[in-house]
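For reference, the chains in residue letters:
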Amino acid sequence: MNLKMNLHWQILIAIVLSVILGVASPTKYQLTDEDYETFLSEIKKGEKTHEKTLKLQALAGRNPYSETLFLRLATQLYEAPLPVKIKKSLLKNAWHNPLVNFFYIIGQLFIKALKMVIVPLILSSIISGIAGVGSAGNLGRIGLKTFVYYLTSSTLAIIVGLFFVNLIQPGVGTNIEAPEKVEGLNSAREGFGDILYKIIPENIFSAFAKQDMLAIIFFALLFGFFITKSSFKNREFLTRFFDSFFEVMMKITVFIIAFTPLGIIGLIARTVAEQAGDPEKLATLAQGLGYYALAVIGALLFHAVISLPAILKLISNVSPKKHFLAMRSALMTAFSTSSSNATLSVTMSSVENNAGVSRKVAGFTLPLGATVNMDGTALYECVAAIFIAQAYGIDLSISEQVIIVVTALLASIGAAGIPMAGLVMISVILVAVDLPLEGIGLIIAVDRILDMFRTAVNVWSDSCGAVVIAKSEGEKLLV
Ligand code: ASP
């Protein structure tokens, strides 16, 4: 616990430091002779308007400029709007910020490490979660009810998120330049049917290699399910194996996350430095992030205070207030540890002792829920992905938003119950609708605080699920 508090402070300090670093070392654009040569060699091939490109040589050796000024000058020299390819290569070569770049590389290493754990983490988290179900005896009916509750509550959460992010539109007007392939909303345009079609992998190993998350999640669900159908000996072996595998993956992830403060310095500093030449832009960015955090927290509160209590009251006739009081310590633990798994023992004891749910139902639903049922994370995934699209000025059609809803649900199922797992999973959605992965660098600044809120909602929903299912099994409860 102490360590977690420390990480909070470390991250806060890192954010402050990175803002200072970014402001103190704003990015300048200056084309040295050498840069110009590289630029030319990149552009030359197949360039029809070569004459015009050569005029950009006049930029070489001039003073450093802010991005806006540099581009304005380049456009004047080019005597026409710069073609995308030329603009990209020009900006890339003229980009100068060695200090920030040093930290940015560390940040990139951090993101790489996070990506490294995604596949094995999701695989083991889902398989061990589902396989664990089997060992709880003959729980078919309760199992079915549990899954229906999980799917319903998480989908409801995502819809609340979708509503809030479209209402508040936190990213609109932030106007970050998409670093790469703005034009490529291809996979989203493929349509929903194609995405569903691709969920079944032809070759699971190539799905692993391509980090094809939906296919991997599908395979893991199937694998976990059929472990429960295997002979006792094999079932026991595989369940233990994937439990152990998962434990190791969690430890690795927690280890990587300890580097968050160092990792985020470069990512945030670079975002700030890019905008620092232009204070107005910087203020817009900070404002965008503020609204984004508000949208997430507002939607989480709505789900926790309105949607879930409505389920409690209407379906089970349970007093939401009494249940909330019963769950107080679990919710506080979730909030302060940002980990559903770390909270699990407190959740179980609160649900059993304070809410009066039987060991049979609590012991089955809660451990599974801690990994699979994450309303808060599902909601957050949806808001974050749409915020990133808004910030990069990418319009999402209704069908693309539907894909986001479905992938957010899958991402929340796949997320492990440990701090910042949800952030790692955003890449699943970004890849599914072809949004820039760099968007993660944008939202990382406020992730830690949002993690506390979403984890509390995750645990709250697990506990509501346990109560709803216990009630439907005819149990007498204390709430
Ligand atoms: N920290 C969350 C949890 O443990 C998962 C997440 O990062 O969204 O429930």
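Structural notes, computed from the coordinates. As the structure is a computational prediction, the values presented were derived from the model and not from experiment. Starting afresh in each chain, residues are numbered from 1 along the sequence in its written order. For a predicted model such as this one, the threshold for reporting local features is a pLDDT of at least 70, and the threshold for listing and counting side-chain atom pairs is 80 or more; totals across whole chains, interfaces and linings nevertheless cover every residue. Remark: hydrogens and water are excluded; side-chain values derive from all non-hydrogen atoms of the structure.

We now examine the site of the ligand. The ligand sits among 16 residues. The nearest are Ser340, Thr377, Gly422, Asp451 and Arg454. Counting of polar contacts relies on pairs of N or O atoms within 3.5 Å, with two restrictions inside protein: one atom must be capable of donating a hydrogen and the other of accepting it, and residues adjacent in sequence are counted only when both atoms are side-chain atoms. Between Ser340 and the ligand, the recorded distance is 2.4 Å, taken from a side-chain N or O atom to an oxygen atom. Here an oxygen atom of the ligand sits 3.0 Å away from a polar atom, N or O, in the main chain of Ala421. Reported accessibility uses the Shrake-Rupley method at a 1.4 Å probe radius. Residues are deemed covered only where the shown protein chains occlude them. With the chains in place, 100% of the 270 Å² that the ligand exposes on its own is no longer accessible. Every helix listed is a DSSP run of H or I at least four residues long, and every strand listed is a run of E at least two residues long, numbered separately from the N terminus. Mapped by element, the contributors of at least two residues to the shell around the ligand are helix H20 (421-432) and helix H22 (447-472). Ranked by residue count, the leading element in the shell around the ligand is H22, at four residues. Class assignment for the residues of the shell around the ligand results in six nonpolar, eight polar and two charged. The cutoff for a nearby residue is simple: one of its non-hydrogen atoms must lie within 4 Å of the molecule or strand. Only Asp, Glu, Lys and Arg are considered charged, only Ala, Val, Leu, Ile, Met, Phe, Trp, Tyr, Cys and Pro nonpolar, and every remaining residue, Gly among them, polar.

Bringing the nonpolar core into the picture now. As used here, the term nonpolar core means buried Ala, Val, Leu, Ile, Met, Phe, Trp, Tyr and Cys residues forming a set that is joined through side-chain atoms within 4.5 Å. Only protein chains enter the area calculation, which uses a 1.4 Å probe; residues under 20% of their type maximum are buried, those over 50% are exposed, and those in between are partly exposed. Counting residues in hydrophobic clusters, the biggest one holds 138 residues, and the most contacted among them are Tyr292, Val357, Tyr380 and Ile443. Broken down by element, the residue count for this core peaks at 16 residues, all from helix H6 (residues 98-134). Listed in part, the 22 residues of the second largest apolar core include Leu31, Leu40, Leu56 and Tyr78.

Once that is clear, we can look at the packing of aromatic side chains. Here the aromatic set is Phe, Tyr and Trp, taking the six-membered ring for Trp, and pairing holds for ring centres within 6.5 Å; pairs whose planes are under 30 degrees apart are stacked, those over 60 apart are edge-to-face, and all others are tilted. In total, this model carries 19 aromatic pairs according to the counting rule given. For the ring pair Phe241 and Phe245, a centre distance of 6.1 Å and an interplane angle of 50° mean the geometry is tilted. Taken together, the residues Phe241 and Phe245, both in helix H12 (residues 232-257) and four residues apart, mark about one turn of the helix. The exposure class of Phe241 is partly exposed, given its relative accessible area of 43%. Looking at Phe245, the relative accessible area reads 27%, which means it is partly exposed. An aromatic cluster of at least three residues, connected via ring pairs, comprises Phe219, Phe223, Phe237, Phe241, Phe242 and Phe245. Definition used: whenever NZ (Lys) or CZ (Arg) falls within 6 Å of the ring centre and also within 35 degrees of the ring normal, the charge is taken to sit over that ring. Taking the ring centre of Tyr104 as reference, the NZ or CZ of Arg270 above it sits at 4.3 Å. Against the face of Tyr380 rests Arg454, its NZ or CZ located 3.9 Å from the ring centre.

Any two side chains of opposite charge can pair, given that their charged atoms come close. Note on definitions: salt bridges are taken to be side-chain nitrogens of Lys or Arg within 4 Å of carboxyl oxygens of Asp or Glu. Under the defined criterion, the tally for this structure stands at eight salt bridges. In this structure, Arg141 and Glu473 form a salt bridge, with 2.7 Å as the shortest nitrogen-oxygen distance. Separated by 332 residues along the polypeptide, Arg141 in helix H7 (residues 140-168) and Glu473 in the segment after H22 bring together distant segments of the chain. Residue classification places Arg141 among the exposed residues on the basis of a relative accessible area of 56%. As a salt-bridge pair, Glu247 and Lys251 come within 3.8 Å of each other at their nearest N and O atoms. With Glu247 and Lys251 both in helix H12, this residue pair falls four residues apart, about one helical turn. In this structure Lys251 comes out as exposed when scored by relative accessible area, which is 56%. Among the charged side chains, a network of salt bridges with common partners joins Arg141, Lys145 and Glu473.

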